Protein chains: 2
Amino acid sequence: MTPRSAPDRLLSVLAAFDHEHPALSLTDIGRRAGLTLTTAHRLVAALTEWGALERDASGVYHVGLRLWEVAALAPRGLALRQIALPYLEDLYEATHENVQLAVRDGSEVVYIEWISGRSAVGVHIRVGARWPLHATGVGLALLAHAGQEAQEEYCAAPLARFTPHTITDPAKLRRMLAEVRRTGVAVSSRQVTEDALSVAAPVRGPGGVVAAAVSVVVPQADAQVPVLVPAVRLAARGISRALGWRPPKEP
Amino acid sequence: MTPRSAPDRLLSVLAAFDHEHPALSLTDIGRRAGLTLTTAHRLVAALTEWGALERDASGVYHVGLRLWEVAALAPRGLALRQIALPYLEDLYEATHENVQLAVRDGSEVVYIEWISGRSAVGVHIRVGARWPLHATGVGLALLAHAGQEAQEEYCAAPLARFTPHTITDPAKLRRMLAEVRRTGVAVSSRQVTEDALSVAAPVRGPGGVVAAAVSVVVPQADAQVPVLVPAVRLAARGISRALGWRPPKEP
């Protein structure tokens, strides 16, 4: 095993925690981080003292409040979500369906916010969840506005199938992305689950660069797409304006 | 200067970022973290490669999405806030005033969630903000249910004054905390700003331990406290139930 740098070892302790493992014993952390128990103990102690980790009564470790406070400064995380929340709430009040805000990280979408109606379709995606770009509405909206190289690279790679309706043909995906750019909205029907449909629109920052995407996920069976499109577009424009985007002057 | 451990140095880079300094150059980071430029460069590179930091086009560093994803696992951070959000939204829809969720960290409240009506009173507290316990409604609700020692320690220390109405007399604070325990709600009037009033209630986890507090902040001038109390209580009980709390059986 190649020697690992000090930062690498410390970060591997943080990386030991994920949604399947939100609470870990010292032994678990050592094993998952590939560290000796002695090293794990030393690093966990330092992280706990700083507040990046918290030890509960049972001796199990969780991610700590101090780390959350620092992470709240992430411009593409909580900061973006704070600016967007009022508009997401308006979209939720208008539709009473699942509403989400996502950003692109390489070939995946990362969900920054998720407001779910307790009565809404049973899609269970948590904040911080990742998903491939081609299957979801937000993913299509983000990919359609990514750089040409990024799009070509994505279309060239194998496209994972989740349902019989998932687009896995690169040519078909390219046509869909062109359609998204033309219409300004992305509609993904039954591509993630058999019963769900999502309508998404890109969120632009200053200068018009697409910074995020907003969408609603509804039951495909009785989806009123023409009704959802303007609502999602409006929410996306509202967030874009709050981020400092201004619509281009009409000639 | 005493030699610093590797974890301490790496964490000092993260600690260099705060709400006044969400974006920093490499030089700023080195200065604020008390590191040589060489060390800062090495640590920032490691953190950026891992995704804890992100470097923008102008070469300035921000907190990265990856750190935000790990922090989303903090039980007292995003995890708590995800469970609470639907109830906070209901409280917002019922009052259309500022709604917040906070936890106690030592002698301070830390705001985990903040939903503000665009028309609501101009209190501007950001998610992640800290505030002393004795002045805010959520702080009083949390302090009233903290351990006896924690309460005594807090009352023994000097109490900061923010307005002429801020409680700074320990005896008066003790009486107020007893009142909060008796009534199950905390009302803080004009203690933080001259024009605001907040009504807060404790949120309990499994076993009945107080894990957080929820509140509404309204303009003091036309505050309808008797109307707000049941709404805040209901929201607090809803979140408590979602956290696994069950009300004690009546005899």
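Residues numbered from 1 in each chain as written. Chains lettered and ligands numbered in written order. Predicted model: local features only at pLDDT ≥ 70, side-chain atom pairs only at ≥ 80, totals over all residues. Heavy atoms only, no water.

**Focus on the packing of helix α6 (residues 137-144) of chain A against helix α8 (residues 170-183) of chain A**
Residue and element names in this part refer to chain A. Running from N to C, α6 and α8 point in directions that differ by 80 degrees, and their axes come no closer than 9 Å. By the angle between their axes, α6 is roughly perpendicular relative to α8. Every residue of α8 that contacts α6 at L140, A141, L143 and A144 is listed here: L173, M176, L177, V180 and R181. The class makeup of the residues in the contact of α6 with α8 is 8 nonpolar, no polar and 1 charged. (Axes fitted to C-alpha atoms, helices over the stretch in contact; angles between N-to-C directions. Helix = DSSP H or I, 4+ residues; strand = E, 2+ residues; numbered from the N terminus. Parallel < 35°, antiparallel > 145°, perpendicular 65-115°, else oblique. Contact = heavy atoms within 4.5 Å. Nonpolar A, V, L, I, M, F, W, Y, C, P; charged D, E, K, R; others polar.)

**Concerning the interface of chain B and chain A**
The interface of chain B with chain A comprises 52 residues on the first partner and 52 residues on the second. Around 4500 Å² of area is buried between chain B and chain A when both sides are counted, 69% of it from carbon and sulfur atoms. Connecting chain B to chain A are 6 salt bridges. With its nearest N and O atoms 2.5 Å apart, the salt bridge here joins E113 of chain A to R81 of chain B. Our count for the chain B to chain A interface comes out at 4 residue pairs in polar contact (both at pLDDT 80 or more). Of all the secondary structure elements, the ones that give two or more residues to the side of chain B that touches chain A are α1 (6-15), α3 (37-50), β2 (61-63), α4 (65-71), α5 (78-95), β3 (98-105) and β4 (108-115) of chain B. Looking at the side of chain B that touches chain A element by element, the count peaks at 10 residues for α5 of chain B. (Buried area = accessible area lost by both parts, 1.4 Å probe. Salt bridge = Lys/Arg side-chain N within 4 Å of Asp/Glu carboxyl O. Polar contact = N/O pair within 3.5 Å; in protein donor to acceptor, adjacent residues only side chain to side chain.)

**Quick notes on the sheet that holds strand β8 (residues 210-219) of chain B**
The strands making up a sheet associate through hydrogen bonds between their backbones, and the pairing can be parallel or antiparallel. Residues and elements named next belong to chain B. The antiparallel open sheet is built from 6 strands, whose spatial order is β5-β4-β3-β8-β7-β6. Taken across any chain shown, the strands that pair with only one partner, and hence form the sheet edges, are β5 (130-132) and β6 (186-189). Ignoring strand direction, the axes of neighbouring strands in this sheet form an average angle of 30 degrees. Pairing between β4 and β5: 3 bridges, direction antiparallel. Within β5, the residue paired with V110 across the bridge is R130. Seen against the sheet, α5 touches β3, β4 and β8 and runs at an angle of roughly 145 degrees to β3. (Pairing = 2+ DSSP bridges.)

**Notes on the pattern of salt bridges**
Considering all chains together, one arrives at 26 salt bridges over all chains under this definition. Across the salt bridge formed by R32 of chain A and D18 of chain A, the nearest N and O atoms sit 3.0 Å from each other. Taken together, the residues R32 of chain A in helix α2 (residues 26-33) and D18 of chain A in the loop between α1 (6-15) and α2 connect sequence positions 14 residues apart. Put simply, E69 of chain B and R130 of chain A hold a salt bridge, and the shortest N to O gap is 2.7 Å. Here E69 of chain B, found in helix α4, pairs with R130 of chain A, found in strand β5 (residues 130-132), and the two come from separate chains. Judged by relative accessible area, R130 of chain A falls into the partly exposed class, the value being 27%. A single network of salt bridges, built from pairs that share partners, joins E54 and E69 of chain A together with R76, D105, E108 and R130 of chain B. (Buried < 20%, exposed > 50% of the residue type's maximum accessible area, 1.4 Å probe, protein only.)

**Here's the deal with the UniProt feature "domain: HTH iclR-type" (unreviewed entry) in chain A**
The UniProt entry lists residues 4-65 of chain A under the feature "domain: HTH iclR-type" (unreviewed entry), expressed in the numbering used here. Between the C-alpha atoms that bound residues 4-65 of chain A there is a distance of 27 Å. The span itself is 53% helix and 10% strand. (UniProt positions renumbered as here; feature names shortened; annotations may be inferred.)

**Structural notes on the packing of aromatic side chains**
Residues and elements named next belong to chain A. This structure, assessed with the given rule, holds 4 aromatic pairs over all chains. Each ring, one from W131 and one from F162, has its centre 5.3 Å from the other, and the planes form 35 degrees; the classification is tilted. One end of the pair, W131, is in strand β5; the other, F162, is in the loop between α7 (148-156) and α8, with 31 residues separating them in the sequence. Its relative accessible area of 24% is what places W131 among the partly exposed residues. By relative accessible area, which is 34% here, F162 ends up partly exposed. The lysine or arginine in question, R66, covers the ring of W50, its NZ or CZ lying 4.1 Å from the ring centre. (Phe/Tyr/Trp six-rings, centres within 6.5 Å; stacked < 30°, edge-to-face > 60°. Lys NZ or Arg CZ within 6 Å of the ring centre and 35° of its normal.)

**Thoughts on the confidence of the model for chain A**
In regions of low pLDDT, the predicted coordinates are not meant to be interpreted in detail. All names here are of chain A. Considering every residue of chain A, the mean pLDDT works out to 89; 93% of them sit at 70 or more. Mean pLDDT per element in chain A: helix α5 (residues 78-95) is the minimum at 84, and α6 is the maximum at 97. In the model, residues 119-123 has pLDDT below 50 throughout and makes 14 contacts with residues more than four positions away in sequence or in other chains. Confidence estimates for the predicted assembly give a pTM of 0.73 and an ipTM of 0.74. (pLDDT = per-residue confidence, 0-100.)

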